[in-house]
Amino acid sequence: MADLVAVFLFIGVIAYALLGGADFGAGFWDLVAGGARRGREPRNLIDDSLAPVWEANHTWLIYCLVMLWSGFPAALAALTSTLYLPLGIAALGIVLRGAGFAFRKASIRTPEQRVYGAAFALSSVLTPYCFGSVAGALASGRVPARGDGDALTSWLNPTSALGGVLAVLACAYLAATYLTVAARRHGDPHLFRYFRDRALAAGAVTGAVSIAGVFVLRADAPRLFHQLGHRALPLALLAAVCGVLGLALLRAERTRGLRETAAAAVALIVSGWGVSQYPYLLGTHLSVQEAAAPHATLGVLVAVACAAAVLILPSLILLFRVMGRVDGAHRAPHETS
């Protein structure tokens, strides 16, 4: 039962990485879009793509918190009493990001739009970095089972830095890929090439950092390095194949299956981390079974997760389908993909 709850929890982590991560990545491209005149068109497409779905994507973060809090309270206590700095910064970033996005759209004057836009964009980079550094701290075993670990070295270390950088890059790659497809559906060849080029660059850099990260893990997180080369090796190889295929589709200017391929690459990377860490929740010590809540609580969580799948998933699927049809209505008559 504990393993089943852990699987449900990790499904939420993957969903948040793919959906919430793309939202954070869009903020990254907003940050580097340039001045008000130069970045107007990319930012308009980012706003149009984010506005209908960005609040819905944070549903997965709430889901993960509830599953962790209720299913593995000992792990949550250790996590929050050690990594309260990056978690607090990430929470603040989510709040500032939401406020900046909302107020920028409501503002009329350019100086105000710049202030709110800067808050949105900077928070969109800082938040995934902090989440990635938390993952690195967990994977490298720097969170003691009793909690109250070092507040600085627990997340300011080579593995956490690698996790933070990879999180930002993966979010940027996802967002650029999704926005490339959105630009094609809007029939805008300029924005299509704009985001296609950035998706190619982000994908290539993400791959290069992933390869370099192997040496970081070998020196700083030997257990994770060993498991990535053994138990999680098939997932790592599949992620590499999907990454190369995604870059090939981008280079060939083909959008059919592009989003799915990019999402699969990121999902496989996150899954590889989870498989490598199992059976431990805290990297090298506290196991899933040791951290689990009583059996009755786990049973209720399984029932709640199944109910959520029945009640919430159809709503989210309907939302994305409706938005896809709205995008499709803007597609140029001559476009093929």
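Provided above is the structure to which this section pertains.
*Asks:* Give a detailed account of the overall build of the chain, specifying residues and quantitative values.
*Replies:* Along the chain, the regular secondary structure elements total 15 helices and zero strands. Radius of gyration (C-alpha) of the chain: 20 Å, near the 20 Å computed for a compact globule of 337 residues. C-alpha atoms of the chain, sized along the principal axes, occupy 60 × 40 × 40 Å. Counting only residues that meet the buried cut, the chain has 47% of its 337 residues in that class. Considering only contacts within the chain whose residues lie at least 6 apart along the sequence, 81% involve residues at least 24 apart. For the chain, the accessible area works out to roughly 16000 Å², and carbon and sulfur atoms hold 69% of it. With 26 positive and 18 negative side-chain charges, the chain shows a spacing of 6 Å between the two charge centroids.

*Asks:* Give me the lowdown on the pattern of salt bridges, citing residues and values where you can.
*Replies:* Within the structure shown, the criterion is met by four salt bridges. The partner of Asp 30 in a salt bridge is Arg 43, with the nearest N and O atoms 3.3 Å apart. One end of the pair, Asp 30, is in helix H1 (residues 2-31); the other, Arg 43, is in helix H2 (residues 40-50), with 13 residues separating them in the sequence. Assigned by exposure class, Asp 30 and Arg 43 land together as buried. For Glu 253, the salt bridge goes to Arg 196, with nearest N and O atoms at 4.0 Å. Separated by 57 residues along the polypeptide, Glu 253 in the loop between helix H11 (233-251) and helix H12 (258-277) and Arg 196 in helix H9 (residues 189-220) bring together distant segments of the chain. A relative accessible area of 34% means that Glu 253 is categorised as partly exposed.

*Asks:* Go over the packing of H1 against helix H14 (residues 295-311), please, and point to the residues and values.
*Replies:* Between H1 and H14, whose axes approach to 10 Å, the crossing angle comes to 35°. Helix-helix and strand crossings are classified by hand; for H1 and H14 the assignment is left-handed. Residues Ala 2, Leu 4, Val 5 and Phe 8 of H1 pack against Leu 298, Leu 301, Val 302 and Ala 305 of H14. Residues of the contact of H1 with H14, tallied by class, amount to eight nonpolar, no polar and no charged.

*Asks:* Which residues make up the side chain of Ser 160, and what are the values?
*Replies:* Within the secondary structure layout, Ser 160 lies in helix H8 (residues 158-185). The exposure class assigned to Ser 160 is buried, which follows from its relative accessible area of 0%. Setting aside chain neighbours within four positions, we find Ser 160 in contact with Gly 132, Ser 133, Gly 136, Ala 137, Ser 154 and Trp 155.

*Asks:* Which residues make up the environment of Cys 242, and what values do they have?
*Replies:* Among the structural elements, Cys 242 can be located in helix H11. Between the alpha carbons of Cys 242 and Arg 97 there is a distance of 30 Å; along the sequence they are 145 residues apart. In contact with Cys 242, other than residues within four places in its own chain, are Thr 261, Ala 264, Ala 265 and Leu 268.

*Asks:* Tell me about the environment of Glu 290, residues and numbers included.
*Replies:* Structurally, the position occupied by Glu 290 is in helix H13 (residues 288-291). Judged by relative accessible area, Glu 290 falls into the exposed class, the value being 56%. When the C-alpha positions of Glu 290 and Tyr 280 are compared, they lie 9.0 Å apart, and in sequence the two are ten residues distant. Separated by 3.1 Å, the side chain of Glu 290 and the backbone nitrogen of Ser 287 make a polar contact.

Each value, and the rule that gives it
Residues numbered from 1 in each chain as written. Predicted model: local features only at pLDDT ≥ 70, side-chain atom pairs only at ≥ 80, totals over all residues. Heavy atoms only, no water. Helix = DSSP H or I, 4+ residues; strand = E, 2+ residues; numbered from the N terminus. Rg over C-alpha atoms; globule rule 2.2 N^0.38 Å. Buried < 20%, exposed > 50% of the residue type's maximum accessible area, 1.4 Å probe, protein only. Contact = heavy atoms within 4.5 Å. Areas by Shrake-Rupley, 256 points an atom, 1.4 Å probe, with all protein chains shown as cover. Lys, Arg positive; Asp, Glu negative; His and termini not counted. Charge placed at Lys NZ, Arg CZ, Asp CG, Glu CD. Salt bridge = Lys/Arg side-chain N within 4 Å of Asp/Glu carboxyl O. Axes fitted to C-alpha atoms, helices over the stretch in contact; angles between N-to-C directions. Left-handed = near helix turned anticlockwise from the far one by under 90°. Nonpolar A, V, L, I, M, F, W, Y, C, P; charged D, E, K, R; others polar. Polar contact = N/O pair within 3.5 Å; in protein donor to acceptor, adjacent residues only side chain to side chain.

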